[in-house]
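Spelled out from the first residue to the last, the chains are:
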Amino acid sequence: MLTQKLIQALAVLVILLSGCQGVSSSHSGTTEKTVDVSDKIEVTVSRVVDGDTFIADVNGTEERIRLILVDTPETVHPTKAVQPYGKEASAFTKEMLENQIVYLEYDQEKRDKYGRLLAYVFLQDGTSFNKMLLEKGHARLAVFPPNIKYEDEYKQAEEAAKKEKLGLWNTKKGE
């Protein structure tokens, strides 16, 4: 009797523990590995400016945040026209981030010359939003040392989007 209860308890424990393994997020075909967001800074996105910049409440202060290692086509640049795929990238960022809780991770340099916070952004499930932009062809890799923590990983994401001709890598748009 005791052995049977012990076996049942172990079976329940195995089932519970198997549910604790890392979750891989699919997000429409991405092969994104997720990260633990417990050591990141939780913020609420109040407004998306464009595909790679947004406004969020960071510890009670409204901050403009610029995504690290990505550059989306321009839509609101003061001296540049709206670039191809810029509207799509902005719409995607707005859909994914606006009014959402996200998590920031800083790299070596915390601010750029314009005073914007520089950050890697993670969704609530631990998915890297910066990498997602690259995977879907909404952004190009933009490397500005010393902020290069995820450069190799993001470079692979951009190469995969190029190979699949996704987003801005789709040369047929506009023909």
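These numbers come from a predicted model, not from an experiment.

Enquirer: Outline the sheet that holds strand β2 (residues 53-58), supporting the account with residue identities and numerical values.
Expert: Read once around its circumference, the closed barrel built from five strands follows the order β1-β2-β3-β6-β5, with strand pairing classed as mixed. On average, each strand axis in the sheet is inclined to that of its neighbour by 55°, with strand direction left out of account. Across four bridges, strand β1 (residues 41-50) lies against strand β5 (residues 101-105) in antiparallel orientation. Considered in β5, the bridge of Thr-44 is made with Ile-101. Along the sheet, helix α2 (residues 86-97) contacts β1, β2 and β5; its crossing angle with β1, the most-contacted strand, is approximately 145°.

Enquirer: Give a description of the environment of Gly-126 that names residues and reports values.
Expert: Mapped onto the fold, Gly-126 is located in the loop between β6 (117-122) and α3 (129-135). Judged by its relative accessible area of 0%, Gly-126 falls in the buried class. Taking C-alpha positions, Gly-126 is 6.0 Å from Asp-36, a pair spaced 90 residues apart along the chain.

Enquirer: So, α2: which residues are in play, and what are the values?
Expert: For an α-helix the count is 3.6 residues per turn, leaving residues at separations of three or four pointing the same way. Compared with the 16 Å implied by 1.5 Å per residue over 12 residues, the 16 Å span of α2 between its first and last C-alpha is a close match. Gly-86, Ala-89, Ser-90, Phe-92, Thr-93, Met-96 and Leu-97 are the residues of α2 that are buried. Down the axis of α2, the sector holding all buried residues measures 160°, keeping them to one side. Exposed residues on α2 whose side chains face more than 90 degrees from its buried face are Lys-87 and Glu-95. Looking at the packing, one finds that the buried side of α2 touches β1, β2, β5 and α3. At the C-terminal side of α2, Asn-99 shows a positive phi close to 65°.

Conventions we followed
Residues numbered from 1 in each chain as written. Predicted model: local features only at pLDDT ≥ 70, side-chain atom pairs only at ≥ 80, totals over all residues. Heavy atoms only, no water. Pairing = 2+ DSSP bridges. Helix = DSSP H or I, 4+ residues; strand = E, 2+ residues; numbered from the N terminus. Axes fitted to C-alpha atoms, helices over the stretch in contact; angles between N-to-C directions. Contact = heavy atoms within 4.5 Å. Buried < 20%, exposed > 50% of the residue type's maximum accessible area, 1.4 Å probe, protein only. Expected span 1.5 Å × (residues − 1). Arc of directions from axis to C-beta.

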